[in-house]
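# Architecture at a glance
Each chain, letter by letter, is given below.
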Amino acid sequence: DAGVIQSPRHEVTEMGQEVTLRCKPISGHNSLFWYRQTMMRGLELLIYFNNNVPIDDSGMPEDRFSAKMPNASFSTLKIQPSEPRDSAVYFCASSLAGANGNTIYFGEGSWLTVV
Amino acid sequence: GDSVTQMEGPVTLSEEAFLTINCTYTATGYPSLFWYVQYPGEGLQLLLKATKADDKGSNKGFEATYRKETTSFHLEKGSVQVSDSAVYFCALSSGGSNYKLTFGKGTLLTVNP
């Protein structure tokens, strides 16, 4: 079975540019999560969706960040405008809420560098 | 709120040594507990889990037992290999309407030949 698929795997962009990260969750999963990982702060939950509806976006750093989930098989995380401090690995993850002990499965990450 | 505390690394061991990475948690209700592993340059992979007290999760020679009385979920392996070198994350999910994972800060393990 296909796991969580993220794109792009690597992105280098200039400060001020818009960045869009994409995620396809595991088919049948109804919860989707965006995490950010940095050396300084570790793993941070940015936002999570349940049945395509944002449930908790308290981790979104600021208005430059936005996330959408237009349907059950696709989500985007957008940064506009990007800044060097946004450089991090962004993970998308999905789960079937309430099943299997709420096990969450991660994608391989999008490695973002803002110069 | 929920929190996970795991031993700080880095941990450096020789091949075939015994491994313990301590993890304790604070949570409301009866959480599910997880260990995730992140190999260099890769995403997080579920290593093992336990969903109720006294359950033991195991995978690839790793084990962890859900201890409600001590609120702990320590990771152990009897004989580590060089290929076990990675970052290990302890995590919990409180379940119910709260499906998100709360992670510890991660422990870097390096195994030398």
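Residues numbered from 1 in each chain as written. Chains lettered and ligands numbered in written order. Predicted model: local features only at pLDDT ≥ 70, side-chain atom pairs only at ≥ 80, totals over all residues. Heavy atoms only, no water.

### Quick word on the overall build of chain A
To keep things clear, this is the line we draw: Strands here mean DSSP runs of E at least two residues long; helices mean DSSP runs of H or I at least four residues long; both are numbered from the N terminus. Here the radius of gyration uses the C-alpha set of atoms, whereas the globule reference equals 2.2 Å times the residue count to the power 0.38. In this scheme, a residue with accessible area under 20% of its type's maximum is buried, one over 50% is exposed, and one in between is partly exposed, where area comes from a 1.4 Å probe on protein chains only. Whether two residues are in contact is decided by their heavy atoms: any pair within 4.5 Å suffices. Residue-level accessible areas treat just the shown protein chains as cover; the underlying method is Shrake-Rupley with a 1.4 Å probe. Charged-residue counts in this description rest on Lys and Arg as positive and Asp and Glu as negative, His and the chain ends being excluded. The atom standing in for a charge is NZ when the residue is Lys, CZ when it is Arg, CG when it is Asp and CD when it is Glu.
A count of helices and strands for chain A gives zero helices and 11 strands. For 115 residues, the compact-globule formula gives about 13 Å, and the C-alpha radius of gyration of chain A, at 13 Å, lands near that figure. With the C-alpha coordinates aligned to their principal axes, the bounding extent of chain A is approximately 40 × 25 × 25 Å. Burial analysis of chain A (115 residues in total) assigns 50% to the buried set. Taking contacts inside chain A between residues at least 6 apart in sequence as the whole, the part at least 24 apart equals 54%. Of the accessible surface of chain A, which amounts to about 5600 Å², a share of 51% is contributed by carbon and sulfur atoms. Between the averaged position of the 9 positive side-chain charges in chain A and that of its 12 negative side-chain charges there is a distance of 2 Å.

### Remarks on the pattern of salt bridges
Residue and element names in this part refer to chain A. For clarity, the cut-off: A side-chain nitrogen of Lys or Arg and a carboxyl oxygen of Asp or Glu constitute a salt bridge if their distance falls within 4 Å.
Under the defined criterion, the tally for this structure stands at 12 salt bridges over all chains. When the shortest N-O distance is used, the salt bridge between R85 and E62 registers 3.3 Å. Of this pair, R85 sits in the loop between β8 (74–79) and β9 (88–95) while E62 sits in the loop between β6 (53–56) and β7 (65–71), and the two are 23 residues apart along the sequence. Exposure remark for R85: the relative accessible area of 54% places this residue in the exposed category. Residue classification places E62 among the partly exposed residues on the basis of a relative accessible area of 27%. Residues joined by salt bridges that share partners form a network here, namely E62, R64, E83, R85 and D86.

### Regarding the packing of aromatic side chains
Worth spelling out the cut-off: Aromatic rings from Phe, Tyr and Trp, taking only the six-membered ring of Trp, are treated as a pair when their centres fall within 6.5 Å; an angle between ring planes under 30 degrees marks them as stacked, one over 60 as edge-to-face, and anything in between as tilted.
If you walk through the whole model with that rule in mind, you get 12 aromatic pairs over all chains. When the ring of F106 of chain A is compared with that of F103 of chain B, the centres are 5.9 Å apart and the planes differ by 70 degrees; the resulting orientation is edge-to-face. Here F103 of chain B lies in strand β11 (residues 98–103) and F106 of chain A lies in strand β10 (residues 105–106), a pairing that spans two chains. Of the two residues, F106 of chain A and F103 of chain B, neither departs from the other in class, the shared state being buried. Between F89 of chain B and F103 of chain B, the ring centres sit 6.1 Å apart and the planes meet at 85 degrees, which makes this aromatic pair edge-to-face.

### Brief notes about the nonpolar core
Short version of the rule: Put simply, a nonpolar core is a bunch of buried Ala, Val, Leu, Ile, Met, Phe, Trp, Tyr and Cys residues held in one set by side-chain atoms that sit within 4.5 Å of each other.
Membership of the largest hydrophobic core comes to 26 residues, with the highest contact counts inside it found for L19, W35, L47, L48, F73, L75 and Y88 of chain B. The set of elements that each furnish at least two residues to this core consists of β2 (11–14), β3 (19–21), β4 (23–26), β5 (32–38), β6 (44–50), β8 (62–65), β10 (86–95) and β12 (107–112) of chain B. The element contributing the most residues to this core is β10 of chain B, with four residues. If sequence neighbours within four positions are ignored, L19 of chain B has contacts with V11, L13, F62, L75, E76, K77, V80 and L109 of chain B. Judged by nonpolar contacts, the second largest core, of 21 residues, contains L32, A67, A88 and V114 of chain A.

### Considering the interface of chain B and chain A
Applicable threshold: Buried area: the accessible area, evaluated with a 1.4 Å probe, that two parts lose upon being put together, summed over both parts. Within 3.5 Å is the distance limit for a polar contact, defined as a pair of N or O atoms, with the added protein rule that one can donate a hydrogen and the other accept it, and that residues adjacent in sequence qualify only through two side-chain atoms. Following the grouping adopted for this structure description, the nonpolar residues are Ala, Val, Leu, Ile, Met, Phe, Trp, Tyr, Cys and Pro, the charged ones are Asp, Glu, Lys and Arg, and the polar ones are all others, Gly among them.
Opposite the 20 residues of chain B that make contact, chain A presents 22 residues. Summing the contributions of chain B and of chain A, the shared interface buries around 1600 Å²; its carbon and sulfur component is 60%. Our count for the contact surface shared by chain B and chain A stands at three residue pairs in polar contact (both at pLDDT 80 or more). Put simply, the parts of the chain that give the side of chain B that touches chain A at least two residues each are β5, β6, β10 and β11 of chain B. A total of five residues in the side of chain B that touches chain A trace back to one element, the largest contributor, which is β11 of chain B. Taken together, the residues of the side of chain B that touches chain A sort by class into eight nonpolar, nine polar and three charged.

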